[in-house]
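Spelled out, the chains give:
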Amino acid sequence: MAALRTNPQLQFVKYRSKSRDFIPLYEPTITEEMRQAVLQGFDERLWIRGSREWDSQGRRFEEEVCQFIGCKYAVNMTSGTAALLLALKAWGIGPGDEVITAPNTFPAPTDVIMWTGATPVYVDIELDSYCMDVSKVEAAITPRTKAIMPVDAHGHAADLDALMEIATRHNLHLVDDSCQAIGAGYKGSKLGTHGHCATFSYTRNKPMFCGGDGGLLVTNDKQLAETIWMLANHGRGPRYYEGSMAEVAYRALEHEISGLNFRQSEVLSAVARVTLRSLQAWNERRRELAARYTRLIHALDTDIAPPQEKPYAWHSYWRYVIRTPKRDKLRLFLSKHVETKPTYHTPNHLDRVPRTKYGFKEGDFPVSERYARENLALPMYPALTEEDVDFVVGRIEAFYRS
Ligand SMILES: Cc1ncc(COP(=O)(O)O)c(C=O)c1O
């Protein structure tokens, strides 16, 4: 088989576990209770939750998410990407429309906007929070704008009240892409209720997980929640379920709307219920580790800028992301003992499709471009120890001394 990698110093090390002299970027905490949940979800044999009403792992997970977040409705589905896409679909966003988002993140926000046929309109970020710069949003609004999709970068909330004020004034929808930030906070409450809806991901390396992909849309809007559920489940609503009980079967059931299949597996939902119970403690642990990183990095007195937390945010540190102009050299130096990752090193507007489709160019969003050149995520997960953090910072110190 052809070799996949050309740079042996930057090997793909995701599946290496922590050892005395190697700290991976991420390592999940897996417990016996999670393993038992897999078996339970499997042995219950429902596997697929065909109706929202059925007593199921998925339904209980949604109820527990509502309690945890403090929202009225949660729709469990196959991914955070699906949740974002369905929010835009539920609002009828499509060709000719524009959606405002940030250009410094995972491609999902841009992709879902393009998949609806709408156009992504980017607003640059703040260099301290890595979130959308609210002061630049109004200048990006046009008569075609239909929604704002801020991203809660790495667990740090965007300034959602300020964004909601703009959205309300311009009659726009606001979907808070909180896929990186489940359990994080904004002005004293959990993220999820500060826009018209919010989306979460609980895929492999997120603050909580399930042993596969997983996503949620949460909202206080009953009609939106019901539409999203139908979109995720072949458009099945009351006409379908009532019709399926009819004594005379011919043409008794109808699909309420045109939907697809984004239903989450019962096995994965059972695991998600277990990891949700640890989420608060895990996020608090991440904050402790982040505080230690920040203190030690400040003490080094180098050109590294540690991540910052605005007064309105309760950062959950899904990722601990520093910035330095020496990012690439530092990463190479660390790679033997510490796995790190630039997140994300191609700004979305300069990625292949948006660049060629809409003509974006270097310099369009200078703060995001600087961020893409300088950012580096350091290892961060609840099983990391104080000694591990000291080791990572020790290696960073060695780089600056060399
Ligand atoms: C900002 C952001 N939005 C959306 C997603 C998509 O979530 P998922 O991977 O569950 O589809 C991610 C995933 O990493 C993300 O980081």
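Rules behind the numbers
- Residues numbered from 1 in each chain as written.
- Predicted model: local features only at pLDDT ≥ 70, side-chain atom pairs only at ≥ 80, totals over all residues.
- Heavy atoms only, no water.
- Domains from an automatic or database assignment.
- Contact = heavy atoms within 4.5 Å.
- Buried area = accessible area lost by both parts, 1.4 Å probe.
- Salt bridge = Lys/Arg side-chain N within 4 Å of Asp/Glu carboxyl O.
- Polar contact = N/O pair within 3.5 Å; in protein donor to acceptor, adjacent residues only side chain to side chain.
- Helix = DSSP H or I, 4+ residues; strand = E, 2+ residues; numbered from the N terminus.
- Nonpolar A, V, L, I, M, F, W, Y, C, P; charged D, E, K, R; others polar.
- pLDDT = per-residue confidence, 0-100.
- Core = buried A, V, L, I, M, F, W, Y, C linked by side-chain atoms within 4.5 Å.
- Buried < 20%, exposed > 50% of the residue type's maximum accessible area, 1.4 Å probe, protein only.
- Arc of directions from axis to C-beta.
- Patch = residues over 30% accessible without salt bridge, like charges linked within 9 Å, V, L, I, M, F, W, Y side chains within 5 Å.
- Areas by Shrake-Rupley, 256 points an atom, 1.4 Å probe, with all protein chains shown as cover.
- Phe/Tyr/Trp six-rings, centres within 6.5 Å; stacked < 30°, edge-to-face > 60°.
- Lys NZ or Arg CZ within 6 Å of the ring centre and 35° of its normal.

1. Some points on the domain arrangement of the protein chain
Domain annotation of the protein chain identifies domain 1 (32-275) and domain 2 (279-401). One C-alpha centre belongs to domain 1, the other to domain 2; they are set 26 Å apart. In this complex, domain 1 contributes 45 residues to the contact, which on the side of domain 2 involves 36 residues. Roughly 3,500 Å² is buried in total at the junction of domain 1 and domain 2, and carbon and sulfur atoms are behind 59% of that figure. Its largest share of buried area at the contact with domain 2, domain 1 owes to Leu127, Tyr130 and His154, together 20% of the area lost on that side. Two residues, lysine 310 and glutamate 126, come together in a salt bridge whose shortest N-O distance is 3.4 Å. For the interface between domain 1 and domain 2, the tally reads 20 residue pairs in polar contact (both at pLDDT 80 or more). Elements with a minimum of two residues in the side of domain 1 that touches domain 2: helix 4 (108-116), strand 3 (119-122) and strand 6 (185-186). Broken down by class, the residue content of the side of domain 1 that touches domain 2 amounts to 24 nonpolar, 13 polar and 8 charged.

2. Describing the confidence of the model for the protein chain
Averaged over the protein chain, the pLDDT score is 95; the fraction of residues at 70 or greater is 96%. The secondary-structure element of the protein chain with the lowest mean pLDDT is helix 7 (residues 238-243), recorded at 95, while strand 4 (residues 145-149) shows the highest, at 99. The model gives residues 5-14 a pLDDT under 50, and that stretch makes 13 contacts with residues more than four places away or in other chains.

3. Some thoughts on the nonpolar core
Counting 50 residues, the largest nonpolar core has Tyr293, Tyr320 and Leu378 as the members making the most contacts within it. Counting contributing residues, this core receives three or more from each of domain 1 (32-275) and domain 2 (279-401). Not counting chain neighbours up to four residues away, the residues in contact with tyrosine 293 comprise Tyr320, Leu378, Pro379, Met380, Leu384, Val389, Val392 and Val393. Among the nonpolar cores identified, the runner-up in size contains 33 residues, and Val123, Tyr130, Leu163 and Met164 belong to it.

4. A closer look at helix 5 (residues 160-169)
Two residues of an α-helix separated by three or four positions point the same way, owing to the 3.6 residues in each turn. Looking at helix 5, one finds that the buried residues are Leu160, Leu163, Met164, Ile166 and Ala167. Seen along its axis, helix 5 keeps its buried residues to an arc of 160 degrees; they face one direction. Close packing links the buried residues of helix 5 with strand 4, strand 5 (173-177) and strand 6. Just past helix 5, the residue asparagine 171 takes up positive phi, approximately 60 degrees.

5. Remarks on a nonpolar patch on the surface
A surface patch of nonpolar side chains, about 320 Å² in accessible area, is lined by Phe42, Trp47 and Ile48. Here isoleucine 48 is to be found in the loop between helix 1 (32-43) and helix 2 (57-69).

6. A word on helix 11 (residues 366-374)
Taken together, the buried positions of helix 11 are Ser368, Glu369, Tyr371, Ala372 and Glu374. Buried residues belonging to helix 11 abut strand 11 (320-323), helix 9 (327-334) and strand 12 (375-378).

7. Some details on the packing of aromatic side chains
Going through the model one piece at a time under the given rule, you end up with 16 aromatic pairs. Residues tyrosine 240 and tyrosine 241 carry aromatic rings whose centres are separated by 5.2 Å and whose planes lie at 85 degrees to one another, so their mutual orientation is edge-to-face. Under the relative-accessibility criterion, tyrosine 241 is labelled partly exposed at 24%. Cluster of aromatic residues (ring-pair linked, three or more members): Tyr122, Tyr358, Phe360 and Phe365. Between the NZ or CZ atom of lysine 190 and the centre of the ring of phenylalanine 68, over which it lies, the distance is 4.8 Å.

8. A word on the pattern of salt bridges
Side-chain pairs of opposite charge can arise whenever the charged atoms involved come near each other. Tallied over the full model, the rule gives 28 salt bridges. Where arginine 52 meets glutamate 62, a salt bridge forms, and the shortest distance between an N and an O atom there is 3.9 Å. Linking arginine 52 in the loop between helix 1 and helix 2 with glutamate 62 in helix 2, this pair joins segments that are 10 residues apart in sequence. Judged by relative accessible area, glutamate 62 falls into the buried class, the value being 6%. Here arginine 370 and glutamate 374 are joined by a salt bridge, their closest N and O atoms 3.3 Å apart. Of this pair, arginine 370 and glutamate 374 both sit in helix 11, 4 residues apart, roughly one helical turn. A relative accessible area of 39% places arginine 370 in the partly exposed class. Overall, the relative accessible area of 11% leaves glutamate 374 in the buried class. Through salt bridges with shared partners, one network takes in Arg49, Arg52 and Glu62.

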